[in-house]
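As a plain string of letters, each chain reads:
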Amino acid sequence: MAIAKHTHIALFGTSLIRKMFNEGARMKKEFGVENVFDFSLGNPNIPPPNEFTEAVIKIMKEDIPGKHAYMTNSGYAETRAFVADFLTKEQGITLEKENIIMTCGAGAALNLFFQAILNVGDNVVVSIPNFVVYKTYVENFGGVLKTVKCKDNFQLDLEAIEASINVQTAAVIINSPNNPSGVVYPASQIKALASLLRRKSRELDRQIYLVSDEPYRYIVYDGVEVPPILSAYENSVIISSYSKSLSIPGERIGWAAIHPKAEDANLIIQVMTMSTTGMGYTNAPALMQRAIVEVNGKTIDPEIYREKRDLFANSLRDLGYDFILPQGTFYLFIKAPGGDDMKFVEILQDEKILAVPGSGFNMPGYFRLSYCVENQVIRRAIPGFKKAIDKTLSKGE
Ligand SMILES: Cc1ncc(COP(=O)(O)O)c(C=O)c1O
């Protein structure tokens, strides 16, 4: 086989979501788009705010010297200053543009950060259920992703995190609101995690970074707020993007913001900046960097997703499905009736419903539904969900 072993393994690991995506494409061709209920991918379906579209048109019409040229790898100074000011208001500490690097989405920011801090054999700890691609991001630089169990309500199990940290632990990743569970970690948990990390850093004589991956920060419901990370723990970095908050994942625009007092903060930004070319990103898209300054913090309306969540959650709960109501994101993470997620996802597929098995998030026994779809798709899929649960629990056919 010509393909490298590690590449083969990485492909296998991330294949569950993509497999469903490809399966969906095949089924849509065979049965017609309107007859397949695709809840597999987290691909925002609501349009970006008008402010975004207007900003892009305005910038394209403007006469700006070097509008489409390469720029400093870390991004435009005005854009970085905008993100720094925005975060200063949100996070309760002062950030400067020197603490920010603009990137091609959160995915690129995570890669650049791990490239900067990981030595071969270092590990990065994350609580399950977790975004599956973290493993690849960490392994890209010789690191090892260590997954640890969570509490029954998907909140962090701090004892499990503590037990998994050792002298080779470079970082802990948190993702709140969480993909796939939709839970938000409250301020009390962040505070407790911060003191745990301070204590372990002292004990092991190694500064452990807290990486907060926050692309869903502004998609929260019922007045829930995502607590600031930078004011809770100095050795921290926030990774984010506009993929979900502006509904523009294909435009690839995001950033990393490092706490000014984190160990080697300036060096890390320098290394991340230098690495962009070597890793093939070079710089974040020029047009998008200008557009997000114009859009000035506006986001899509999370109420649209809240409505979809309630429609889906109420219908599924009535049918007997068991889950925790998500506080944010656009995912429902549901206990697989019968306990076998792979089997149940297949049963759903017989009803032309596409879901992702929890095994794809290191949490077998559950499945994820993404509700980035029209409300009528949710409504029309409900009879299939009824058949699937009835069949599994032998109430039906
Ligand atoms: C938890 C999480 N982190 C990172 C990403 C990557 O997002 P981006 O499009 O900004 O690269 C995703 C995308 O779905 C995600 O769910």
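Everything that follows concerns the structure shown earlier in this document.
If you're wondering where the values come from, they're calculated on a predicted model, not measured in any experiment.

Caption draft 1: Representation of unusual backbone geometry within the structure. Here the residue pair I128 and P129 is connected by a cis peptide bond, since its omega of -10° sits within 30 degrees of zero. Here the residue pair S176 and P177 is connected by a cis peptide bond, since its omega of -5° sits within 30 degrees of zero. Relative to the assigned elements, P177 resides in the loop between strand 5 (169-174) and helix 8 (187-204). The residue D205 is not glycine, and still its phi comes out positive at about 55°. Its place among the elements puts D205 in the loop between helix 8 and strand 6 (209-213). We classify D205 as exposed; its relative accessible area is 71%.

Caption draft 2: Highlighting the layout of surface pockets. Considered as a void within the structure, the largest pocket measures approximately 790 Å³ in volume. Around the largest pocket, the lining comprises 31 residues; the ones closest to its centre are R18, F131, V133, Y137 and K244. Of all the elements in the fold, those that place two or more residues in the lining of the largest pocket are helix 2 (15-31), helix 5 (105-117) and helix 6 (134-139). Take the lining of the largest pocket: its biggest share by element is 5 residues, from helix 5. Residue assignment places the lining of the largest pocket across two domains, with domain 1 (5-48 + 300-392) and domain 2 (50-295) each supplying three or more.

Caption draft 3: Structural view of the nonpolar core. Residues F39, F312, L316, Y321, F367, L369 and F385 are the most contacted members of the largest nonpolar core, which totals 71 residues. Here this core takes 7 residues from helix 13 (residues 375-392), the largest share from any one element. Domain assignment of the residues forming this core places at least three in each of domain 1 (5-48 + 300-392) and domain 2 (50-295). Look past the residues within four positions of L316 in its chain and what remains in contact with it is Y321, F323, L332, I334, L369, I382 and F385. Of all hydrophobic cores here, the second largest spans 30 residues; its members include A170, V237, I258 and A262.

Cut-off values and rules
- Position labels on residues start from 1 in each chain and follow its written sequence.
- pLDDT decides what is reported in this predicted model: residues at 70 or higher carry local features, side-chain atom pairs at 80 or more are listed and counted, and totals for whole chains, interfaces and linings draw on all residues regardless.
- Hydrogens are left out, water is left out, and the side-chain values use all remaining heavy atoms of the structure.
- Helical segments are the DSSP runs of H or I of at least four residues, strand segments are the runs of E of at least two, and each set is numbered from the N terminus.
- Accessibility here uses a 1.4 Å probe with only protein chains present; expressed as a share of the type maximum, an area under 20% marks a residue as buried, one over 50% as exposed, and anything in between as partly exposed.
- Here a cavity denotes grid points, spaced 1 Å and computed from the protein atoms alone, that fit a 1.4 Å probe unable to get out, and a pocket denotes an open set having protein on both sides within 12 Å along at least 5 of 7 lines; residues with an atom within 4 Å of a point are the lining.
- Grid points are joined across faces, edges and corners, and a volume is the space filled by probe spheres set on the points.
- Residue ranges assigned to the domains are those given by an automatic or database domain assignment.
- As used in this record, nonpolar core signifies buried Ala, Val, Leu, Ile, Met, Phe, Trp, Tyr and Cys residues forming a set joined through side-chain atoms within 4.5 Å.
- Residue contacts are counted whenever heavy atoms from the two residues lie within 4.5 Å of one another.

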